Amino acid sequence: MIRINLDVMMAKRKISLTELAEKVGLTMSNLSVLKTEKARAIRFSTLDSLCKVLTCQPGDILEYLPDKDDK
Amino acid sequence: MKNKNESKNLLKVLIDLLWYGSLFASVILVLVTIAFNLSAFGLINIKTPVVSVELNHHAYRFNSQYVEARRIDSIIDDFVDRKLASELYFTASGEVEAIEQLYGIVYSKFKSLPIGAQQLGGVGYRNYADLMPVRYFSLKEIPQFAIGLSFLSFTVIAFLLIIMYSVRGLFKSSVNGNSFSQENANRLKYIGIYFLLGEIVRIFISYWVNNSVTRTEWFNAIRQSYNPSFSDINFALLFAGVIFLILSKVFQLSAAIKEENDLTV
């Protein structure tokens, strides 16, 4: 599964949820969907603006964890 | 923006009105059916107005006690001796009470009119063709008629309840902008199933009712029977049922696509 480390980056850059949503251009509900890992997909445009605002790489936000039943 | 909200609310109120009206009509219909059955089998004695129903090439006029069954296609014309039948018609004594009740006339006055210009219930008949084949019976004589009619009224009640409830749900969700949901897919599925099953059951029930009535008709010593024909099957309803089932699958797929889209940030 893909883990979203958004809260880690937000703490590092010291930016709140509302401020991030405003700067990235997402609604609060969409951002919370992303943060609580309910999202099914993310658009490249969204990833682009997230990385721009948080000045980081996609790998800092997205992390791959192998599922328990994978060998 | 305010106008849009107002019109939305108006539509919602209208569709609710339609649903509650159908609920009310179903309750009334249930009571009427029960009262009709009680009266038909002689348990209570109530006077009801005369109702006409057309079922598979037969026109039935009935009140709570007697039925007039009249064949309305021309298939029988070639086989009936009209003069003989008209004599039978005018001299049938067991049916006096039925004729008097169903047409609200006094039979003795009726009999005295000249044969060529009979008045029946205020309508003049110009020739014998209007009069036959016709048969009067009391509801107790052929109980299948009352039972079959009750089944058909339950069909109407089921239609009102199932279809109106589903349409109400569909309408409200579409007014809110959430048409593509699994719930709506289920509603369409129920409508489709009801159309198919309801039509098939109706075909069998109306065939049964008509057969029970026509098996007892004797004309020129030819015992009539009712043959099922394709014109009694409402193919439009069967087709609509199939289409609704297909549509339900489409809505199911669209619900999945919508969810995927909604959860894409």
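Residues numbered from 1 in each chain as written. Chains lettered and ligands numbered in written order. Predicted model: local features only at pLDDT ≥ 70, side-chain atom pairs only at ≥ 80, totals over all residues. Heavy atoms only, no water.

Caption draft 1: Representation of the overall build of chain B in the model. A count of helical and extended segments in chain B gives seven helices and eight strands. Classification of the 265 residues of chain B by burial places 38% in the buried group. The contacts of chain B with a sequence gap of at least 6 include a subset with a gap of at least 24, amounting to 70%. By element, 66% of the accessible surface of chain B is carried by carbon and sulfur atoms, the whole surface being about 15,100 Å². (Helix = DSSP H or I, 4+ residues; strand = E, 2+ residues; numbered from the N terminus. Buried < 20%, exposed > 50% of the residue type's maximum accessible area, 1.4 Å probe, protein only. Contact = heavy atoms within 4.5 Å. Areas by Shrake-Rupley, 256 points an atom, 1.4 Å probe, with all protein chains shown as cover.)

Caption draft 2: Summary view of the packing of helix H2 (residues 17–24) of chain A against helix H4 (residues 44–54) of chain A. All names here are of chain A. The geometry of H2 relative to H4 is characterised by a closest axis approach of 9 Å and an angle of 120° between their N-to-C directions. One element, H2, and the other, H4, form an angle in the oblique class. Crossing angle aside, the handedness with which H2 passes H4 is right-handed. Counted together, Leu20, Lys23 and Val24 of H2 and Ser49, Leu50, Val53 and Leu54 of H4 form the full contact between these two elements. (Axes fitted to C-alpha atoms, helices over the stretch in contact; angles between N-to-C directions. Parallel < 35°, antiparallel > 145°, perpendicular 65-115°, else oblique. Left-handed = near helix turned anticlockwise from the far one by under 90°.)

Caption draft 3: Summary view of the pairing of strand S2 (residues 58–62) of chain B. Residue and element names in this part refer to chain B. Side chains of S2 alternate between two faces, with His58, Tyr60 and Phe62 buried and Ala59 and Arg61 left unburied. In this antiparallel pair of consecutive strands, strand S1 (residues 51–55) and S2, the connection spans two residues, and Asn56 shows a positive phi of 50°. Examined bridge by bridge, S2 and strand S3 (residues 66–71) share five bridges and lie antiparallel to one another. Counterpart to Ala59 in the pairing with S3 is Arg70. Where S2 hands over to S3, the hairpin turn is made up of three residues, counted between the paired strands. (Pairing = 2+ DSSP bridges.)

Caption draft 4: Local environment of helix H1 (residues 6–13) of chain A. Residues and elements named next belong to chain A. Listing the buried residues of H1 in full gives Leu6, Met9 and Met10. Taken down its axis, H1 places every buried residue within 100° of arc, on the same side. For H1, the exposed residues lying more than 90 degrees away from the buried face are Ala11 and Lys12. Here the buried face of H1 lies against strand S1 (2–4), H2, helix H3 (28–35), H4 and helix H5 (58–61). Phi for Lys14, located one or two positions after H1, is positive at around 55°. (Arc of directions from axis to C-beta.)

Caption draft 5: Expanded view of the packing of aromatic side chains. All names here are of chain B. Summed over all chains, the structure comprises eight aromatic pairs over all chains. Between Phe62 and Phe145, the aromatic rings sit 5.6 Å apart at their centres with planes inclined by 80°, giving edge-to-face as the arrangement. Separated by 83 residues along the polypeptide, Phe62 in strand S2 and Phe145 in helix H5 (residues 143–176) bring together distant segments of the chain. Across the pair, Phe145 and Phe62 agree in class, each one buried. For the pair Phe180 and Phe251, a centre-to-centre distance of 5.7 Å together with 75° between the ring planes defines the contact as edge-to-face. Of this pair, Phe180 sits in the loop between H5 and helix H6 (182–214) while Phe251 sits in helix H7 (residues 235–262), placing them 71 residues apart in sequence. The partly exposed category is assigned to Phe180, whose relative accessible area is 44%. Here Phe251 falls in the buried class, since its relative accessible area comes to 17%. An aromatic cluster of three or more residues is present, and its members are Phe36, Tyr60, Phe62 and Phe145. (Phe/Tyr/Trp six-rings, centres within 6.5 Å; stacked < 30°, edge-to-face > 60°.)

Caption draft 6: View of unusual backbone geometry. All names here are of chain A. Despite not being glycine, Glu37 has its phi angle at roughly 60°, a positive value. Counting through the fold element by element, Glu37 comes out in the loop between H3 and H4. Phi angles above zero are rare outside glycine, and Thr55 is one such case at about 40°. Within the secondary structure layout, Thr55 lies in the loop between H4 and H5.

Caption draft 7: Quick peek at the interface of chain A and chain B. With 10 residues of chain A at the contact, the number on the chain B side is six residues. Between chain A and chain B, the buried area comes to about 800 Å², and carbon and sulfur atoms account for 54% of it. Sorting the residues of chain A by area buried against chain B places Arg40(A), Ala41(A) and Arg43(A) first, and these three jointly supply 63% of that buried surface. Counting across the chain A and chain B interface gives six residue pairs in polar contact (both at pLDDT 80 or more). Counting residues per element, the side of chain A that touches chain B draws most heavily on H3(A), which supplies three residues. Of the residues belonging to the side of chain A that touches chain B, the class tally is five nonpolar, two polar and three charged. (Buried area = accessible area lost by both parts, 1.4 Å probe. Polar contact = N/O pair within 3.5 Å; in protein donor to acceptor, adjacent residues only side chain to side chain. Nonpolar A, V, L, I, M, F, W, Y, C, P; charged D, E, K, R; others polar.)

Caption draft 8: Inspection of the pairing of S1(B) at higher detail. By the bridge criterion, five bridges tie S1(B) to S2(B) in an arrangement that is antiparallel. Paired with Val51(B) across the bridge in S2(B) is Phe62(B).

Caption draft 9: Focus on H5(B). Taking 1.5 Å per residue, 34 residues should reach 50 Å; H5(B) reaches 50 Å between its end C-alpha atoms and fits that length. Where H5(B) ends, the next residue or the one after it, Gly177(B), has phi of about 95°, a positive value. (Expected span 1.5 Å × (residues − 1).)

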